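What follows is the residue order along each chain.
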Amino acid sequence: MAEGLTSTSSGLHAPLPGPYGRAYRTRGRTVVELHGEVDIAAAKPIGAYLDVVTAVRGHHVVVDLTHVAFFDCSGLALLCRARRRIAENGGRMWVVCDRPAILRVFRAGAVLEVFRTLPTLDDALAAEDW
């Protein structure tokens, strides 16, 4: 587990490190709101954080990419790992994204259908299926 990160049965944990965003609980879900550039330089701290978030059994997670300016295959790899870990632990994951450039990365990685992306955070918090 990464230094400074903790996991509890309720799924509450430390905030995202540095400038990479913030996380909070709402409506029974953890929202991981990423900011700035999600690339190879950000992969290690974001990945360590997502490992903590995804270790909680039955955890429902929303990854919000609304505030992401750049997203590459490193970010896609992080989300694929997070989705797999969440599914293995009986949880669900939603991705909030309406940015064409980021959605192209999902399409290029042939995972657009694997990740059901929703255009708004409200849509993801209201979603029951998946």
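The rules behind each value
- Residues numbered from 1 in each chain as written.
- Predicted model: local features only at pLDDT ≥ 70, side-chain atom pairs only at ≥ 80, totals over all residues.
- Heavy atoms only, no water.
- Helix = DSSP H or I, 4+ residues; strand = E, 2+ residues; numbered from the N terminus.
- Buried < 20%, exposed > 50% of the residue type's maximum accessible area, 1.4 Å probe, protein only.
- Polar contact = N/O pair within 3.5 Å; in protein donor to acceptor, adjacent residues only side chain to side chain.
- Axes fitted to C-alpha atoms, helices over the stretch in contact; angles between N-to-C directions.
- Parallel < 35°, antiparallel > 145°, perpendicular 65-115°, else oblique.
- Contact = heavy atoms within 4.5 Å.
- Nonpolar A, V, L, I, M, F, W, Y, C, P; charged D, E, K, R; others polar.
- Core = buried A, V, L, I, M, F, W, Y, C linked by side-chain atoms within 4.5 Å.
- Lys, Arg positive; Asp, Glu negative; His and termini not counted.
- Salt bridge = Lys/Arg side-chain N within 4 Å of Asp/Glu carboxyl O.
- Pairing = 2+ DSSP bridges.
- Right-handed = clockwise from strand over helix to strand, strands pointing away.

Chemist: Any details on the side chain of His-59? Residues and values, ideally.
Modeler: Structurally, His-59 can be placed in the loop between α1 (40–54) and β3 (60–71). On the basis of relative accessible area, His-59 is assigned to the buried category, the value being 5%. In this structure the side chain of His-59 is engaged in a polar contact, spanning 2.6 Å, whose partner is the side chain of Thr-30.

Chemist: If you had to explain the packing of α1 against helix α2 (residues 73–88) to someone new, which residues and values would you point to?
Modeler: How two helices sit against one another is set out by the angle between their axes and by the gap between those axes. It is the contact of α1 with α2, at a shortest axis distance of 10 Å, that shows an interaxial angle of 10°. Our classification of the angle between α1 and α2 gives roughly parallel. Residues Ile-40, Ala-43, Ile-46, Gly-47, Leu-50, Asp-51 and Thr-54 of α1 touch α2, and the partners they reach there are Ser-74, Leu-78, Arg-81, Ala-82, Arg-85 and Ile-86. Across the contact of α1 with α2, the residue classes tally to seven nonpolar, three polar and three charged.

Chemist: Tell me what's going on with the nonpolar core, and back it up with residues and numbers.
Modeler: Core analysis: the largest hydrophobic core is formed by 30 residues, its most contacted members being Leu-34, Ile-46, Leu-65, Phe-71, Leu-79, Met-93 and Phe-106. Put simply, the parts of the chain that give this core at least two residues each are β2 (29–38), α1, β3, α2, β4 (92–96) and α3 (100–108). With six residues, the single largest contributor to this core is α1. When near neighbours in sequence (up to four residues on either side) are disregarded, Ile-46 contacts Tyr-20, Leu-34, Val-38 and Leu-78. Core analysis: the second largest hydrophobic core is formed by eight residues, Val-31, Val-96, Ala-124 and Leu-125 among them.

Chemist: Any details on the side chain of Asp-64? Residues and values, ideally.
Modeler: Counting through the fold element by element, Asp-64 comes out in strand β3. In this structure, Asp-64 is buried with no salt-bridge partner, the nearest side chain bearing the opposite charge being Arg-22 at 7.3 Å. In terms of polar contacts, Asp-64 uses its side chain to reach the side chain of Thr-66, at 2.4 Å. Excluding anything up to four places from it in sequence, Asp-64 contacts Val-31, Val-32, Glu-33, Leu-34, Val-96 and Leu-121.

Chemist: Kindly report on the environment of Phe-115, identifying the contributing residues and their values.
Modeler: With respect to the helices, strands and loops of the structure, Phe-115 is situated in the loop between α3 and β5 (117–118). Using a relative accessible area of 3% as the deciding quantity, one classes Phe-115 as buried. Along the chain, Phe-115 and Met-93 lie 22 residues apart, while their C-alpha atoms are 8.3 Å from each other.

Chemist: Any chance you could break down the pairing of β4 for me, citing the residues and the numbers?
Modeler: Within β4, four of the five residues are buried, which leaves it mostly tucked inside the rest of the structure. Examined bridge by bridge, β3 and β4 share five bridges and lie parallel to one another. By the bridge assignment, Asp-64 is partnered in β4 with Val-96. You can see the chain leave β3, run along α2 and come back into β4, and the turn it takes is right-handed. Where β4 meets β5, two bridges bridge the pair, whose relative direction is parallel. Along β5, the bridge assignment pairs Val-95 with Thr-117. In terms of handedness, the path from β4 via α3 over to β5 forms a crossover that is right-handed.

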